[in-house]
Structures are given as C-alpha cells and as structure tokens.
Amino acid sequence: MHLILWEQVDKITTFGAETDTEIRSERQKRKYERRITEQKPPITQSQHNTSGTPTKIPAEDIVCGVELVLHNVEEHAAEIIRQEVSVVTRKAKTPKRNISKDEY
C-alpha cells in the first residue's frame, strides 16, 4: 500500500478507536453516576414481598406437619422418619441474615 494511503488509514483507525473509547468511557461514567445518585429504600419500605430471616427454627411446626402425614405410613417406617426429623431439627441452625437489623 502506498505510504500516504497507509498513513491516512492509520489516522482514521486511530481516530475511530479514540472516539469509541471516549464514548464508552462517557457511557460508563453516566451509568456509575446514575447508580450513585439512586438511593435504594430499605427493604421494609420497598414494594417487594419479602420477609426477614427467622430467628429460630420452627421445630414444632415441622414435627406437627410430619406427624400429620405419617398416619398412612407403616409404623416401623414412621418411627424411622420421626427419628430423622428429630435429628435434623436438633442440628438445624438459623440462616444468616439477608438484610440488616435496621431494615427489619
């Protein structure tokens, strides 16, 4: 390719790359500024249908629910299920909070 044409192509390519970088950079800055300026309300004030993390495991409710369905199960199998439910509820730990105490 002729030297003058090569220089022109190089200038056009460089200009296009610089312009594209500037446009992308400005777009990213606008996105960042928009995210910073938007204040999210606490979860309790938002429109989401959420609930807090339980403070204790509802073991009684779990056992009662299991007992309701065990009346149709063979006695030996029902006893095994009861033992397993008992072990699981004793070892169960409450989950970590998914929102802060201030947002409750």
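Focus on the overall build of the chain
And step 1. Secondary structure assignment for the chain yields 3 helices and 0 strands.
And step 2. What you see in the chain, going N to C, is helices and strands ordered as α-α-α.
And step 3. Sorting the 104 residues of the chain into buried and exposed places 8% on the buried side.
And step 4. Put simply, 61% of the contacts in the chain that link residues at least 6 apart link residues at least 24 apart.
And step 5. Carbon and sulfur atoms provide 55% of the accessible area of the chain, an area that totals close to 9,800 Å².

Examining the side chain of Thr 89
And step 1. With respect to the secondary-structure elements, Thr 89 resides in helix α3 (residues 75–91).
And step 2. Relative accessible area serves as the criterion here: at 16%, Thr 89 is assigned to the buried category.
And step 3. Within the structure, Thr 89 has its side chain in polar contact with the backbone oxygen of Ser 86 (distance 3.1 Å).
And step 4. Residues in contact with Thr 89, not counting those within four places in the same chain, are Ala 59 and Ile 62.

Considering the pattern of salt bridges
And step 1. The tally for this structure, following the rule as stated, stands at 4 salt bridges.
And step 2. With a closest N to O distance of 2.7 Å, Arg 82 and Glu 67 form a salt bridge. Taken together, the residues Arg 82 in helix α3 and Glu 67 in helix α2 (residues 59–69) connect sequence positions 15 residues apart.
And step 3. Overall, the relative accessible area of 33% leaves Glu 67 in the partly exposed class.
And step 4. The closest approach of N and O atoms between Glu 75 and Arg 82, which form a salt bridge, is 3.8 Å.
And step 5. Through salt bridges that share partners, Glu 67, Glu 75, Glu 79 and Arg 82 make up one connected network.

Details of the confidence of the model for the chain
And step 1. Within the chain, residue pLDDT values average 77, and 77% of them lie at 70 or more.
And step 2. Mean pLDDT across the secondary structure elements of the chain bottoms out at helix α1 (residues 3–37), with 76, and peaks at α3, with 91.

Notes on the packing of α2 against α3
And step 1. Following both chains from N to C, one finds α2 and α3 inclined at 165°, their axes separated by 11 Å at the closest point. When the interaxial angle is binned, α2 and α3 end up roughly antiparallel. Crossing angle aside, the handedness with which α2 passes α3 is right-handed. Between α2, through Ala 59, Ile 62, Val 63, Val 66 and Glu 67, and α3, the contact on the second element is made entirely by Ile 81, Arg 82, Val 85 and Thr 89.

Considerations on α3
And step 1. Here α3 is 17 residues long and its end C-alpha atoms lie 24 Å apart, about the 24 Å a rise of 1.5 Å per residue gives.
And step 2. Buried within α3 we find Ala 78, Val 85 and Thr 89. Each buried residue of α3 lies within a common arc of 25° when the element is viewed along its axis, so the set occupies one face. Opposite the packed face of α3, turned more than 90 degrees from it, sit the exposed residues His 76, Arg 90 and Lys 91.
And step 3. Check the buried side of α3 and you find it contacts α2.

Procedures and definitions
- Residues numbered from 1 in each chain as written.
- Predicted model: local features only at pLDDT ≥ 70, side-chain atom pairs only at ≥ 80, totals over all residues.
- Heavy atoms only, no water.
- Helix = DSSP H or I, 4+ residues; strand = E, 2+ residues; numbered from the N terminus.
- Buried < 20%, exposed > 50% of the residue type's maximum accessible area, 1.4 Å probe, protein only.
- Contact = heavy atoms within 4.5 Å.
- Areas by Shrake-Rupley, 256 points an atom, 1.4 Å probe, with all protein chains shown as cover.
- Polar contact = N/O pair within 3.5 Å; in protein donor to acceptor, adjacent residues only side chain to side chain.
- Salt bridge = Lys/Arg side-chain N within 4 Å of Asp/Glu carboxyl O.
- pLDDT = per-residue confidence, 0-100.
- Axes fitted to C-alpha atoms, helices over the stretch in contact; angles between N-to-C directions.
- Parallel < 35°, antiparallel > 145°, perpendicular 65-115°, else oblique.
- Left-handed = near helix turned anticlockwise from the far one by under 90°.
- Expected span 1.5 Å × (residues − 1).
- Arc of directions from axis to C-beta.

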